[in-house]
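One letter stands for each residue in the lines below.
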Amino acid sequence: MSVKITVGVTGGIAAYKAVELVRALQTAGLDPHVVMTRAAQQFVTPLTFAAITGHRVITTLWANDDSESNLNSAIDHIDEAQTTHALIVAPATADILAKFAHGLAEDFLSTLYLATKAPVLVAPAMNVNMWTHPATQANLEVLRTRGVHIIEPDNGYLACGMVGSGRLADTPIIVEAVLQALTPTQDLAAETILITAGGTREPLDPVRFLGNRSSGKMGYALATAALARGARVLLVSASTSLNPPPNCEFLPVTTAAEMHTAVLKNLTRATVVIGAAAVADFRPATVSAEKLRRTGPLTLTLEPTPDILAEAAIHRAPDTLIIAFAAETDSAAALENGRAKLLRKGANAIVINDVSRPGLGFDADHNAATLLTPAHQVDLAPMTKLTMANEILKQITLLRATSPLTPR
Ligand code: C5P
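Reading guide: rules and limits
- Residues numbered from 1 in each chain as written.
- Predicted model: local features only at pLDDT ≥ 70, side-chain atom pairs only at ≥ 80, totals over all residues.
- Heavy atoms only, no water.
- Pairing = 2+ DSSP bridges.
- Helix = DSSP H or I, 4+ residues; strand = E, 2+ residues; numbered from the N terminus.
- Contact = heavy atoms within 4.5 Å.
- Axes fitted to C-alpha atoms, helices over the stretch in contact; angles between N-to-C directions.
- Domains from an automatic or database assignment.
- Buried area = accessible area lost by both parts, 1.4 Å probe.
- Salt bridge = Lys/Arg side-chain N within 4 Å of Asp/Glu carboxyl O.
- Polar contact = N/O pair within 3.5 Å; in protein donor to acceptor, adjacent residues only side chain to side chain.
- Nonpolar A, V, L, I, M, F, W, Y, C, P; charged D, E, K, R; others polar.
- Near = heavy atom within 4 Å.
- Areas by Shrake-Rupley, 256 points an atom, 1.4 Å probe, with all protein chains shown as cover.
- Expected span 1.5 Å × (residues − 1).
- Buried < 20%, exposed > 50% of the residue type's maximum accessible area, 1.4 Å probe, protein only.
- Arc of directions from axis to C-beta.
- Core = buried A, V, L, I, M, F, W, Y, C linked by side-chain atoms within 4.5 Å.

## Notes on the sheet that holds strand E2 (residues 30-36)
Okay, so step 1: The strand order across the open sheet formed by five strands is E2-E1-E3-E4-E5, and the pairing between neighbours is parallel. A single partner strand is all that each edge strand has here, and the edge strands are E2 and strand E5 (149-150).
Okay, so step 2: In the sheet, strand E1 (residues 3-9) pairs with strand E3 (residues 87-92) via three bridges, with the strands oriented parallel. Across the sheet, Val-7 pairs through a bridge with Ile-88, a residue of E3.
Okay, so step 3: Against the sheet, helix H1 (residues 17-27) contacts E1, E2 and E3, and its axis sits at roughly 155° relative to E2.

Here's what the structure looks like:
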């Protein structure tokens, strides 16, 4: 079951960006519900959010139809306050910050803020003079001391034509802050996790390559989840269309050979290596300097690429954990093949994906897998890739318990 969070949208021009935020939160595996102030509805309609979330959008404390729904509406804020896992207000206007700071409860959102025990985050967006005004800054200080997480606005061009601080923080930064608030445990704070992600591309000529269907979503979900749990993350990424999570060390590569170099170069820094990338096992033995012409049948000679993870396993420090992935297409033999691969690569665990199931694995937001260690088998039923990332990281903390980290 996905985690319910509440997105409060208030009346600023950046309200339209809350649409993108709601989508990104869904991609991160969360179940956003939206609450809008009256002013927010001047910028975006509740229908937009209802259509995206599939949930009723709450716009008022008071229903204006029959008495039964009136009663329901009057206690909605208590229900919402108790069932949500986090409240994120984005954009947060100077007005809502003032209401929160002073405990005013005259609309649904400010009432919800007082009633909830869930973590609260605010992402302010406003004109630079309103942002720097002592009243706004004093209200923020009050909220900060009460444990509200403030996601600082960016500098830049503002809708009012001025330049300065007051632009809503970028969506990935807000998503990461929400995930961090939901995962307060910093159980990976001592780890430096090197993650490979995406699909490598092996050139054939200046315009063609051999590639694969990997989207990079699993590796990026692992990076996001590991950062939220306090790890330092080195993301060695082959081709994807994803934005790297903020705060990771991003090392883009194209080919298996480049990935090999990047992984081995950074191996001494890594306390965990996770091979989520789909690495080409073969590459063209020669790369044509000119575009290959259509002159009849073409036979390609392929040569094997280095097995990056197997080499990392050989050269690692004794306490560095290695986690492999195995994409299997033969359901019947997947476990057996996976177990053989675990041993062959010298890994501490392997995550076996049956990629033949529709809607799971390649390019999907969901995944199902079996995690094998030499001693255990953990079935990971269909779940979002972010949830699976957290399950895999939990298994890493269990492996760490039997292989303590020595200071580097
Ligand atoms: O042998 P196979 O390609 O199925 O192994 C998959 C696992 O090995 C994945 O974790 C993948 O990232 C890694 N791998 C690698 N170098 C290769 C091929 C795969 O590190 N050349």
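## Here we look at the domain arrangement of the protein chain
Okay, so step 1: The domain boundaries assigned to the protein chain delineate domain 1 (4-182) and domain 2 (192-402).
Okay, so step 2: Each of domain 1 and domain 2 has a C-alpha centre, and the two are 37 Å apart.
Okay, so step 3: Across the contact, eight residues belong to domain 1 and nine residues belong to domain 2.
Okay, so step 4: Interface of domain 1 and domain 2: buried area, both sides summed, is about 710 Å²; carbon and sulfur atoms make up 64% of it.
Okay, so step 5: On the surface where domain 1 and domain 2 come into contact, there are zero salt bridges.
Okay, so step 6: Linking domain 1 with domain 2 are one residue pair in polar contact (both at pLDDT 80 or more).
Okay, so step 7: Top contributing element to the side of domain 1 that touches domain 2 by residue count: helix H8 (residues 171-182), with five residues.
Okay, so step 8: In terms of residue class, the side of domain 1 that touches domain 2 is made up of four nonpolar, three polar and one charged.

## Looking at the site of the ligand
Okay, so step 1: Taken together, 15 residues are adjacent to the ligand, and Gly-275, Ala-277, Pro-306, Phe-325 and Lys-341 come closest.
Okay, so step 2: Contact between the ligand and Gly-275: an oxygen atom at 2.5 Å from a main-chain N or O atom of the residue.
Okay, so step 3: Within the backbone of Ala-277, one N or O atom sits 2.8 Å away from an oxygen atom of the ligand.
Okay, so step 4: Relative to its free-state accessible area of 440 Å², the ligand is covered by the protein chains to the extent of 89%.
Okay, so step 5: Of all the secondary structure elements, the ones that give two or more residues to the shell around the ligand are helix H11 (308-315), strand E16 (321-328) and helix H12 (334-345).

## Here's the deal with helix H7 (residues 134-145)
Each α-helix winds once per 3.6 residues, and so residues spaced three or four apart point in a common direction.
Okay, so step 1: If you check H7, its first and last C-alpha atoms are 16 Å apart, about what twelve residues at 1.5 Å a residue would give, namely 16 Å.
Okay, so step 2: All of the buried residues in H7 are Thr-136, Asn-139, Leu-140 and Leu-143. The buried side chains of H7 occupy one side of the element, clustering within an arc of 100° when seen end-on. In H7, those exposed residues whose orientation departs by more than 90 degrees from the buried face are Pro-134 and Thr-145.
Okay, so step 3: Looking at the buried side of H7, the elements it contacts are helix H4 (94-102), helix H5 (108-115), strand E4 (120-124), helix H6 (128-132) and E5.

## Points about the pattern of salt bridges
Okay, so step 1: According to the stated counting rule, one finds 14 salt bridges in the structure shown.
Okay, so step 2: With its nearest N and O atoms 3.3 Å apart, the salt bridge here joins Lys-4 to Glu-80. Here Lys-4 is found in strand E1, whereas its partner Glu-80 is found in helix H3 (residues 67-83), with 76 residues between them in sequence.
Okay, so step 3: For Lys-4, a relative accessible area of 13% gives the class buried.
Okay, so step 4: Look at Glu-80 and you get buried, because its relative accessible area is 5%.
Okay, so step 5: Salt-bridge contacts for Arg-144 lead to Glu-152; the nearest nitrogen and oxygen are separated by 3.0 Å.
Okay, so step 6: Judged by its relative accessible area of 35%, Arg-144 falls in the partly exposed class.
Okay, so step 7: For Glu-152, a relative accessible area of 43% translates into the label partly exposed.
Okay, so step 8: Three or more residues are tied together by salt bridges with common partners; here these are Asp-95, Lys-99 and Glu-106.

## Points about the environment of Glu-191
Okay, so step 1: Mapped onto the fold, Glu-191 is located in the loop between H8 and strand E8 (192-197).
Okay, so step 2: Along the primary structure Glu-191 and Ala-226 are separated by 35 residues, whereas in three dimensions their C-alpha atoms are 9.2 Å apart.
Okay, so step 3: With residues up to four places along the chain from it excluded, the contact list for Glu-191 reads Ala-231, Arg-232, Thr-271, Val-272, Arg-400 and Leu-405.

## Regarding the nonpolar core
The tendency in soluble globular proteins is for nonpolar side chains to be buried side by side.
Okay, so step 1: If you look at the biggest cluster of nonpolar residues, it comprises 67 residues, and the most contacted ones within it are Ile-88, Ile-174, Leu-222, Ile-274 and Ile-392.
Okay, so step 2: Among the elements that take part in this core, helix H9 (residues 217-228) stands out by supplying nine residues, more than any other.
Okay, so step 3: Per-domain counts for this core show at least three residues from each of domain 1 (4-182) and domain 2 (192-402).
Okay, so step 4: Filtering out sequence-adjacent residues up to four positions away, Ile-88 remains in contact with Ile-5, Thr-6, Val-7, Gly-8, Leu-21, Leu-121, Ile-151, Ile-174 and Val-178.
Okay, so step 5: Val-263, Leu-267, Ala-326 and Ile-352 belong to the second largest nonpolar core, which has 25 residues in total.

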